[in-house]
Structure formats: C-alpha cells, structure tokens
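What follows is the residue order along each chain.
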Amino acid sequence: MDSGLLPKGTKRCAMGKFYFRLTVVGAVLLWGVYAWVLIYWKGLNQTNMDDYYGFALWIWADLAVIAVGGGAFFTGLLKYIFNVKELKNIINFAVIIGFVCYSSALMILAIDVGQPLRFWFIYWHANIHSMLTEVAFCLTAYFMVLTIEFIPNILENRQAAKISFFSHLSHNMHGVMAVFAATGAFLSFFHQGSLGGVTGVMFGRPFAVREGLLIWPWTFFLYTWSAAAFGPCFTLLVTNITEAITHKKLISDQTVHLLAKISGWMIVCYMVAKIIDTIYWATVTAPGLGFEFSRFYSNNSFYGYWILIAEVVFCGVVPGLLLIYKPTRENPAMRLTALILGVIGICLNRWAMVLQTMAAPVMSFDTWALYVPSWQEVATTILPVAYGIILISVAYRYLPVFPQEIKLNDG
C-alpha cells in the first residue's frame, strides 16, 4: 500500500510486517512515556537521586548519546570540509544517527530538568559563568544544524521530490551543506569539550578534577577527541545492525574500511593522551589533593580496578589496534568486535566521569555512596533507544538514505 513512497528501485518488507515490528518497539516507547509522565506529574521523587547523586543515570545517558552521536559532526567535517568524497555514501545515515542522538539528549535533559515549564530559563536567564550554559546553547544550536542537514534527505522522498519547489530546495541545500558542516563541527567542539570541562573543574570531586591549559582542564579536550574517535564506531555499528536486519548490503566495503581506519587512528591517538592524563592524575593531581590512587578503586562493591582496565585496555587500546591493522579491520567479525568494544568503551568513560565521580569519597574520612536507579529512570533512559529504532526504521523505509543500496544489491 505504501509502495509509492518507497525509494525508487528498492525493495522493502510488507507494510503490515513493518508496522507490526514497530508496534513492539512502540510498546517499549510507551512504557518510557508513562514513566516520563509520572516524573512530570509527581516530581523527581520518582527517582533514586539524592544529595550525592544530583547527576545520575540520565546524565550518563545524555553524555553517552552525545558522545556516540559525534560520528555526525566528525563524518560531516571529513566529507564537506576535508573533501573525503568516499564518505558521501554514509553521510546521510551519519546525520540521521546524529539527529537521533542529539534529539534524545535534549529529551533526556527535558526529563531531568524536573520543572518543564521553566525550560526557557536557561536561555533567558543564562548563567554566563557556567559551562553548562554554553553546553545548552551549543547543543540546541547543533540540533538545529542537524535538522537542517536532515531536511534534504526528507525532501528527496519519492513523492516529495516530484514537487519542483522541494526538489530545487533540496538541491540548493546540498550546495551549501559545507557551511552547516563547518558550523556543526565548531558547535560540537565546544559543547563536547564543556561537558568534559564541567567534571574537570570540580575541585570538590578529586576523582574527576584535572590540570589543564589556562581555564580548560584536559577533560575538555579529551571529551571532544573521544567523541570524534568513537562516534564513527557507533555509526558503523548501527549500519552493521541495519544491514543484518534488512539482509542487504547498504554501504560498500571501501567506505566502511576507510571510516573504520580513520576511527582507529583517532582512537589510538586518543588513548595515548588518555593514558598520559590518567597517569598524571594518579601520580600528581590526586596525591596533591590528599588522596591515594587506590582509594578510588577500593572499599566498595562495584567500582574496582576492572572498570579502569576495561575502559582503557579492552575497550580502548584493543579496538584502536584492531581498526588500524588492515587484516583485522577488513575482517567483518574482528571489525564488528572492535566497533562494539569501542562503543562500550566511550560509554564506560562517561559512566565513570558521571557516576563514579559522584560515588567516590570526597573527604578523606568519607565513604562510597553507591546508587541504584529507579524503574522510572531506567524506563526513561530506554525511551530514546525505542524512539531511535522507530525513526531510523521509518527513514530507511521511506527515504533514499543509502545511495549505494541499489547497486550493491542488484547482483
């Protein structure tokens, strides 16, 4: 029934089958919406946050999706500014994934605010001394940029493209997309960095505090670098999942190998900087504040050395090496392993910098403050995942997201 809306020359599953699958995901989405309504109706007492955990599961999820959404700004930078033409085959999908991630981040913040009627306060009564103000402005502005980058793909829908105005608008927007890509990269650099800067300047939290350059702690630069390094991993991982579900080849191996290689070298360079930063913090910064390094990984039931080893070695160094080494990069199973490890690694980093920072003792006589999220927090954290699945599924079905799809599946 919807064959007239499908991209020309492509094949999709039956409409009934497609919407039945979305119904299942929609049920999860409604569970999240129900939890959201409860939080808005009854307040933040629906959560397990307290005086220790003003930043909790939502903020971790927010930072994590912003980090993995970094594939959009970095791929756009490579394609439009550095003229890496091969990435034209994945840029549409990278933008859609970025759109999902950043709209999810704004959704999570809307839940976390607690008083939705005052959302405009951050814009009208901006605290110019807070890095989070800069994050809010840049995050909102970059979401607008992603929306603009997404619009041409929507206008290229089979039926919309028949309208000459939409067709010309789409063509003209493609012609100036380099301007938006540059703007997006500029905005992303600052909001990614400032998210790291928030933890880096928290001198009352010895686990997170870092030395730095002038007013910027090293975490400012590490957050931006890590998003550019691991963001493409998430883009490639979601592409891989989409290909597995659709049983189609959507992007050529040449494009995948190139982006994986770039991501691999970015990860390796980032891990060198990350390891140097960690060693300096452990041997100079923390002792200078009166804390032994071991104190941040002992005397508690969860945050042991394992999380540091997992983040730095198994989910940092290992995926980086797998992606820069050609035989493993071009092996589908090894590449997929590297992508999964990379995504886990960046999420672990954000987990540690949010939740472990809150849990770690602040005073020398203090104890660990561990936290378990409420079901409402879990449901609203899963909500963006269900929303992302639905949006990506609808975009794949009705929009010409993958320019190579017909060519790669003709044979």
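Everything numeric in this text was worked out from a predicted model, so none of it was measured.

Let us now look at the nonpolar core. Where a protein is soluble and globular, its nonpolar side chains tend to be buried together. Tyr-53, Trp-60, Tyr-102, Tyr-142, Phe-296 and Leu-355 are the most contacted members of the largest nonpolar core, which totals 107 residues. Here this core takes 13 residues from helix α4 (residues 91–113), the largest share from any one element.

With that out of the way, let us pick up unusual backbone geometry. Unlike most non-glycine residues, Asn-83 shows phi in positive territory, near 55 degrees. Structurally, Asn-83 is set in the loop between α3 (70–81) and α4. Looking at Asn-83, the relative accessible area reads 49%, which means it is partly exposed. A positive phi is found at Asn-299, a non-glycine position, where the angle reads about 60 degrees.

We now examine the packing of aromatic side chains. In this description, an aromatic ring pair is defined by two values, namely the gap between the centres and the angle between the planes. This structure, assessed with the given rule, holds 34 aromatic pairs. Where Trp-31 meets Trp-375, the ring centres are 6.3 Å apart and the plane angle is 15 degrees; that geometry is what we call stacked. Here Trp-31, found in helix α1 (residues 15–42), pairs with Trp-375, found in helix α14 (residues 375–398); they are 344 residues apart in sequence, far enough to count as distant. Exposure remark for Trp-31: the relative accessible area of 37% places this residue in the partly exposed category. What makes Trp-375 partly exposed here is its relative accessible area of 39%. When the ring of Tyr-123 is compared with that of Phe-137, the centres are 5.4 Å apart and the planes differ by 70 degrees; the resulting orientation is edge-to-face. Of this pair, Tyr-123 sits in helix α5 (residues 121–124) while Phe-137 sits in helix α6 (residues 131–155), and the two are 14 residues apart along the sequence. Overall, Phe-137 belongs to the partly exposed group, its relative accessible area being 38%. Taken together, Phe-186, Phe-189, Phe-190, Trp-216, Trp-218, Phe-220 and Phe-221 form an aromatic cluster joined through their ring pairs. One cation-aromatic arrangement involves Arg-12 over Tyr-396; the distance from NZ or CZ to the ring centre is 3.8 Å.

Right, let's talk about the environment of Asn-349 for a bit. Position of Asn-349 relative to the elements: it lies in helix α13 (residues 332–359). The spatial distance from the C-alpha of Asn-349 to the C-alpha of Leu-308 is 8.6 Å, given a sequence separation of 41 residues. If we skip the residues at most four places from it in the chain, Asn-349 touches Tyr-223, Tyr-270, Lys-274 and Glu-311.

This next bit is on the packing of α4 against α14. Following both chains from N to C, one finds α4 and α14 inclined at 150 degrees, their axes separated by 10 Å at the closest point. The pairing of α4 with α14 is recorded here as roughly antiparallel in orientation. Both α4 and α14 take part in a crossing whose hand is right-handed. Across the interface between the two elements, Phe-93, Ile-96, Ile-97, Phe-99, Val-100, Ser-103, Ser-104, Met-107, Ile-108 and Ile-111 from α4 touch Thr-380, Leu-383, Pro-384, Tyr-387, Gly-388, Leu-391, Ile-392 and Ala-395 from α14. A breakdown of the residues in the contact of α4 with α14 according to their chemical character gives 14 nonpolar, four polar and no charged.

Conventions adopted
- Residues numbered from 1 in each chain as written.
- Predicted model: local features only at pLDDT ≥ 70, side-chain atom pairs only at ≥ 80, totals over all residues.
- Heavy atoms only, no water.
- Core = buried A, V, L, I, M, F, W, Y, C linked by side-chain atoms within 4.5 Å.
- Buried < 20%, exposed > 50% of the residue type's maximum accessible area, 1.4 Å probe, protein only.
- Helix = DSSP H or I, 4+ residues; strand = E, 2+ residues; numbered from the N terminus.
- Phe/Tyr/Trp six-rings, centres within 6.5 Å; stacked < 30°, edge-to-face > 60°.
- Lys NZ or Arg CZ within 6 Å of the ring centre and 35° of its normal.
- Contact = heavy atoms within 4.5 Å.
- Axes fitted to C-alpha atoms, helices over the stretch in contact; angles between N-to-C directions.
- Parallel < 35°, antiparallel > 145°, perpendicular 65-115°, else oblique.
- Left-handed = near helix turned anticlockwise from the far one by under 90°.
- Nonpolar A, V, L, I, M, F, W, Y, C, P; charged D, E, K, R; others polar.

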